[in-house]
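Listed below, chain by chain, are the residues.
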Amino acid sequence: MGRLYRNYSKTFKTPRRPFEKERLDQELKLIGEYGLRNKREVWRVQFQLAKIRHAARTLLTLDEKDAKRLFEGAALLRQ
């Protein structure tokens, strides 16, 4: 049998300061409001949003008529 070679990517990022009271309270409020199971689900969504924001920032640096900006920008808005 062949081996499965995969490049796994990270799905969440833990906070830099683990015991920051304001962040802990905010995460607990989000968990209660949306019925999430744990903090990892909050971190996963925040990580996805950060990746989308980063992609949007890099696309905004390109020229308005650039083909990459037009194509990827439309795809980013559909997400």
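This text goes with the structure placed above it.
This write-up is about the structure you can find in this document. (Residues numbered from 1 in each chain as written. Predicted model: local features only at pLDDT ≥ 70, side-chain atom pairs only at ≥ 80, totals over all residues. Heavy atoms only, no water.)

1. Brief notes about the overall build of the protein
Working step 1: Each helix and strand counted, the protein has three helices and zero strands in total.
Working step 2: Listed by position from the N terminus, the elements making up the protein come as α-α-α.
Working step 3: Overall size of the protein, expressed as C-alpha extent along the three principal axes, is 45 × 45 × 25 Å.
Working step 4: Relative to its 79 residues, the protein shows a buried fraction of 10%.
Working step 5: In the protein, the proportion of contacts linking residues at least 24 apart, taken out of those at least 6 apart, comes to 32%.
Working step 6: Element-wise, carbon and sulfur atoms account for 56% of the exposed surface of the protein, whose accessible area totals about 7,700 Å².
Working step 7: A gap of 8 Å separates the mean positions of the 20 positive and 10 negative side-chain charges of the protein. (Helix = DSSP H or I, 4+ residues; strand = E, 2+ residues; numbered from the N terminus. Buried < 20%, exposed > 50% of the residue type's maximum accessible area, 1.4 Å probe, protein only. Contact = heavy atoms within 4.5 Å. Areas by Shrake-Rupley, 256 points an atom, 1.4 Å probe, with all protein chains shown as cover. Lys, Arg positive; Asp, Glu negative; His and termini not counted. Charge placed at Lys NZ, Arg CZ, Asp CG, Glu CD.)

2. Comments concerning the packing of aromatic side chains
What describes a pair of aromatic rings is the distance from one ring centre to the other and the angle between the planes of the rings.
Working step 1: Evaluation of the coordinates by the stated rule reveals one aromatic pair.
Working step 2: With 6.3 Å between their ring centres and 25 degrees between their planes, Phe-12 and Trp-43 make a pair best called stacked. Note that Phe-12 is positioned in the segment before helix H1 (21-34) and Trp-43 in helix H2 (residues 39-60), a separation of 31 residues in sequence. (Phe/Tyr/Trp six-rings, centres within 6.5 Å; stacked < 30°, edge-to-face > 60°.)

3. Observations regarding H2
Working step 1: Between its first and last C-alpha atoms H2 spans 32 Å; for 22 residues at 1.5 Å apiece the expected length is 32 Å, and the two agree.
Working step 2: Taken together, the buried positions of H2 are occupied by Glu-41, Val-42, Trp-43 and Leu-59.
Working step 3: Residues of H2 that are buried make contact with H1 and helix H3 (67-78). (Expected span 1.5 Å × (residues − 1).)

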